[in-house]
Amino acid sequence: MRITASVGDCRVAFTQTLLELAREDASIYALASDSRGSVTLGNFTKELPGQFVEIGIAEQNEIGVAAGLAAMGKKPFVCAPASFLSARSLEQIKVDVAYSRQNVKIVGVSGGISYGALGYTHHSTHDLAVMRAIAGIEVYLPCDAAQTRAMTRSLASRAGGAYVRMGRGMVPDIYQKEAPFEPGKSNLLRNGGDLTIIAAGEMVYHAMEAAKRLGEDNISACVLDMHTIKPLDEAAILKAAARTGRLVTMEEHSRYGGLGGAAAEVICGAQPVPLLILALPDEDIIPGKSAEVFAYYGLDGAGASQRIAAWMNQ
């Protein structure tokens, strides 16, 4: 799989695609918590005001209203900062959406550490852990604009609850215009025989960069884009463990309960192999631009490749 030189915005790709779908399907609604600017919903609200609901800064109510719309046969997409949806709205997500089996898609923008300088209060480094523990909620992390478009189309056509986390800024393109996307089915981006790097969301680009750098040191790394955290592509993880004998996970999340934890759950009983979890440490994460934070914690291509090489040489 070739990485292109261009960049795109997952938020814009999502809202543009949602608008295209909503033009043809009046049951699609967008909800915002005074976040239409953050989510880039401006064009949607101007063109389809009757399919937009502004809740204000009340994310708990936003989930409840969305569940009510879903109960009436609508297809609501809840749009708000991931940090707030994955904390103050958890009870509503658990009861109103998951337990009630409502068709609500929860889109957390500015996920991970992408709020940057706003710091700890606006970081969402626990969201994967809590969302994947709620029965009835699927969990997705698109890595670029093309995959976000494909994912949005898929979500609009599927029933049930789902949580989607995307970042805030521009990200390098991993895929071409049409990205392969199947829920619960990871994408193989690079072949390798010495280890497999499994990444999700914005970490996919850094995983590819790390693999390229490792290749320069004669370490051959396979890369999997695990865009679906739940349902997880367990077969691909077990196949990678058997084939390469070592796994590395990379994620913009706490080292506890996220992609690394999910991979460990899969391999520990069926295909135990060495596993290195590259994630954010159990501490108050520093404020800063995403690139600065990734570099500080060794989660960019350069830092990750160094940490992986050191681990391989132990």
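Above this text sits the structure in question.
Below, the structure is looked at part by part. (Residues numbered from 1 in each chain as written. Predicted model: local features only at pLDDT ≥ 70, side-chain atom pairs only at ≥ 80, totals over all residues. Heavy atoms only, no water.)

Here's the deal with the environment of T45
With respect to the secondary-structure elements, T45 resides in helix α3 (residues 42–47). Through-space distance from the C-alpha of T45 to that of L19 is 9.3 Å; in sequence the pair is 26 residues apart. Beyond its immediate chain neighbours, meaning those up to four positions away, T45 contacts R36 and F52. (Helix = DSSP H or I, 4+ residues; strand = E, 2+ residues; numbered from the N terminus. Contact = heavy atoms within 4.5 Å.)

What about helix α8 (residues 145–157)?
Taking 1.5 Å of rise per residue, 13 residues should cover 18 Å, and α8 covers 19 Å from first to last C-alpha, within 8% of that figure. Among the 13 residues of α8, ten are classified as buried, and the element is accordingly described as predominantly covered. Looking at α8, one finds that the buried residues are A145, A146, Q147, T148, A150, M151, T152, S154, L155 and A156. Where α8 begins, the capping side chain belongs to D144, and its oxygen is found 3.4 Å from the backbone nitrogen of A146. (Expected span 1.5 Å × (residues − 1). Buried < 20%, exposed > 50% of the residue type's maximum accessible area, 1.4 Å probe, protein only. Polar contact = N/O pair within 3.5 Å; in protein donor to acceptor, adjacent residues only side chain to side chain.)

Regarding the nonpolar core
Within the largest apolar cluster, 39 residues are counted, with the highest numbers of intra-cluster contacts made by I237 and L247. Of the domains in this structure, domain 1 (7–172) and domain 2 (187–312) are the two that each give at least three residues to this core. Here I237 is in contact with I198, M226, L232, L247, A263, V266 and I267, once residues within four sequence places are set aside. If you look at the next biggest cluster of nonpolar residues, it comprises 35 residues, including C143, L189, V223 and L276. (Core = buried A, V, L, I, M, F, W, Y, C linked by side-chain atoms within 4.5 Å. Domains from an automatic or database assignment.)

Considerations on the pattern of salt bridges
Under the definition given, this model contains nine salt bridges. Between D127 and R165 there is a salt bridge, with its nearest N and O atoms 2.9 Å apart. Pair noted here: D127 is in helix α7 (residues 127–132) and R165 is in strand β7 (residues 161–165), with a separation of 38 residues, a long-range link. On the basis of relative accessibility, which here comes to 4%, the residue R165 falls in the buried class. (Salt bridge = Lys/Arg side-chain N within 4 Å of Asp/Glu carboxyl O.)

Focus on the packing of aromatic side chains
All told, the structure shown has three aromatic pairs when counted by the stated rule. Geometry around F84 places R88 over its ring, the cationic atom sitting 4.6 Å from the centre. Seen from the ring of W311, R246 lies directly overhead, with NZ or CZ sitting 4.8 Å from the centre. (Phe/Tyr/Trp six-rings, centres within 6.5 Å; stacked < 30°, edge-to-face > 60°. Lys NZ or Arg CZ within 6 Å of the ring centre and 35° of its normal.)

Observations concerning the sheet that holds strand β13 (residues 247–254)
Ordered by their spatial adjacency, five strands build an open sheet running β9-β11-β10-β13-β14, and the pairing between neighbours is mixed. Bordering the open sheet on either side are β9 (187–190) and β14 (275–280), each of which pairs with just one other strand. Neighbour to neighbour, the strand axes of the sheet diverge by 25 degrees on average, direction disregarded. Of the strand pairs in this sheet, β9 and strand β11 (residues 221–225) are connected by three bridges, and their pairing is antiparallel. When the sheet's bridge partners are listed, L188 is paired in β11 with L224. (Pairing = 2+ DSSP bridges. Axes fitted to C-alpha atoms, helices over the stretch in contact; angles between N-to-C directions.)

Description of empty space enclosed by the protein
If you walk through the whole model with that rule in mind, you get two cavities of 30 Å³ or more. Taken as a whole, the largest cavity holds about 80 Å³ of empty space. Around the largest cavity sit G111, S114, L141, P142, R165, M166, G167, A200, G201, E202, M203 and E252, which together line it. Residues of the lining of the largest cavity, tallied by class, amount to five nonpolar, four polar and three charged. In this structure, the second largest cavity encloses a volume near 30 Å³. L128, L141, R165, A200, E251, E252 and H253 together form the lining of the second largest cavity. The element that contributes the greatest number of residues to the lining of the second largest cavity is β13, accounting for three residues. Residue composition of the lining of the second largest cavity, by class: three nonpolar, one polar and three charged. (1 Å grid on protein atoms, 1.4 Å probe; cavity = no way out; pocket = protein on both sides within 12 Å on 5 of 7 lines; lining within 4 Å. Points joined across faces, edges and corners; volume = space filled by probe spheres on them. Nonpolar A, V, L, I, M, F, W, Y, C, P; charged D, E, K, R; others polar.)

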